[in-house]
Amino acid sequence: MEFFTIKTNVQAEIIEKKSKFIANLFPIQGVKEAEDLIREIRKKYHDARHNCMAYRIVENDQIMEKSSDDGEPSGTAGANMLTILRKNDLANVLIVVTRYFGGILLGTGGLTRAYSDSLMKAMEQSERIRKCKGIEIQIITEYAEWESFKYYCKNHEFLITDVEYSDFIVCKIELEHAKKQILLQDFEAKHIILKDVKEITEKYITKSIVKR
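The structure displayed is predicted, hence computed values, not measured ones.

Chemist: Could you clarify how one ought to interpret the overall build of the chain in this entry?
Modeler: The number of helices and strands found in the chain is five helices and 10 strands. The globule rule puts the C-alpha radius of gyration for 212 residues at 17 Å, and the 22 Å found for the chain is more than 25% above it. Taking all 212 residues of the chain together, the buried fraction comes to 45%. Sequence-distant contacts in the chain: of pairs separated by 6 or more residues, those separated by 24 or more amount to 72%.

Chemist: I tried to follow the packing of aromatic side chains on my own but got confused; where do I start?
Modeler: Each pair of aromatic rings is reported with the distance of its centres and the angle of its planes. Evaluated as defined, the whole model comprises seven aromatic pairs. Through pairs of rings, three or more aromatic residues link up here, namely Trp146, Phe149, Tyr152 and Phe158.

Chemist: Explain the sheet that holds strand S3 (residues 19-27) here, please?
Modeler: In sheet architecture, strand pairing relies on hydrogen bonds along the backbone and comes in two forms, parallel and antiparallel. With antiparallel pairing, the five strands of this open sheet are ordered in space as S2-S3-S6-S4-S5. Only two strands of the sheet have a single neighbouring strand rather than two, namely strand S2 (10-16) and strand S5 (62-68). Taken pair by pair, the neighbouring strands of this sheet meet at an average axis angle of 10°, ignoring direction. Sheet topology note: the strand S4 (residues 50-59)/strand S6 (residues 93-100) ladder contains seven bridges and is antiparallel.

Chemist: Help me understand the pattern of salt bridges, please; the structure alone is not making it clear to me.
Modeler: Pairing between side chains of opposite charge can happen when the charged atoms of each approach one another. Counting across every chain of the model gives 14 salt bridges. A salt bridge links Glu147 to Lys150; its shortest N-O distance comes to 3.1 Å. Placement of both Glu147 and Lys150 in helix H4 (residues 146-156) is noted, with a separation of three residues, approximately one turn of the helix. Exposure remark for Glu147: the relative accessible area of 54% places this residue in the exposed category. We note a salt bridge from Glu199 to Lys180, for which the minimum N-O separation is 2.6 Å. Note that Glu199 is positioned in strand S10 (residues 196-210) and Lys180 in helix H5 (residues 177-188), a separation of 19 residues in sequence. Through salt bridges with shared partners, one network takes in Lys32, Asp36 and Arg39.

Basis of the calculations
- Residues numbered from 1 in each chain as written.
- Predicted model: local features only at pLDDT ≥ 70, side-chain atom pairs only at ≥ 80, totals over all residues.
- Heavy atoms only, no water.
- Helix = DSSP H or I, 4+ residues; strand = E, 2+ residues; numbered from the N terminus.
- Rg over C-alpha atoms; globule rule 2.2 N^0.38 Å.
- Buried < 20%, exposed > 50% of the residue type's maximum accessible area, 1.4 Å probe, protein only.
- Contact = heavy atoms within 4.5 Å.
- Phe/Tyr/Trp six-rings, centres within 6.5 Å; stacked < 30°, edge-to-face > 60°.
- Pairing = 2+ DSSP bridges.
- Axes fitted to C-alpha atoms, helices over the stretch in contact; angles between N-to-C directions.
- Salt bridge = Lys/Arg side-chain N within 4 Å of Asp/Glu carboxyl O.

As structure tokens, this is what we get:
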């Protein structure tokens, strides 16, 4: 499974017939994080008429989804935004759109457009990351080999995610499954000089960053 997520939080605002719509788009890793953020947004905008939301989260290779219209007419807000997330293949994201009522009724069509436009504006401002199934590997190497190994990782698009400096350098890297054999073969053939290579876990890793 591959999907897009976003790199950092994004906020966008639109005004529609005096109603203000504030979209907060978050990268998330799990349901608890999503629910905690929803509570924070509702507390922050406690004086708003509506805080509508939708999220999609990948867990155990399945996508979990949830949405809420928070008092708006059914299907005009949360469910509509969830559909947009699906169409854009976005997961591990939460969208909460807060509405401050401006005194003019928008009707179901107007509400649908306003919530859609709020989310789309936030998406346009975001930096998207493509995620794919990969593996995390721990590497131990000598200090003298560190610069060479960093260069090797860059050439092969292996992402160094963590580095510890002790008697040796211990680092974690993420790579696609298809590239695992390249690393192991180069290690065995001593094309790269490492003290140890150990697979830690399977996980979703960053495949590429899509800049707008």
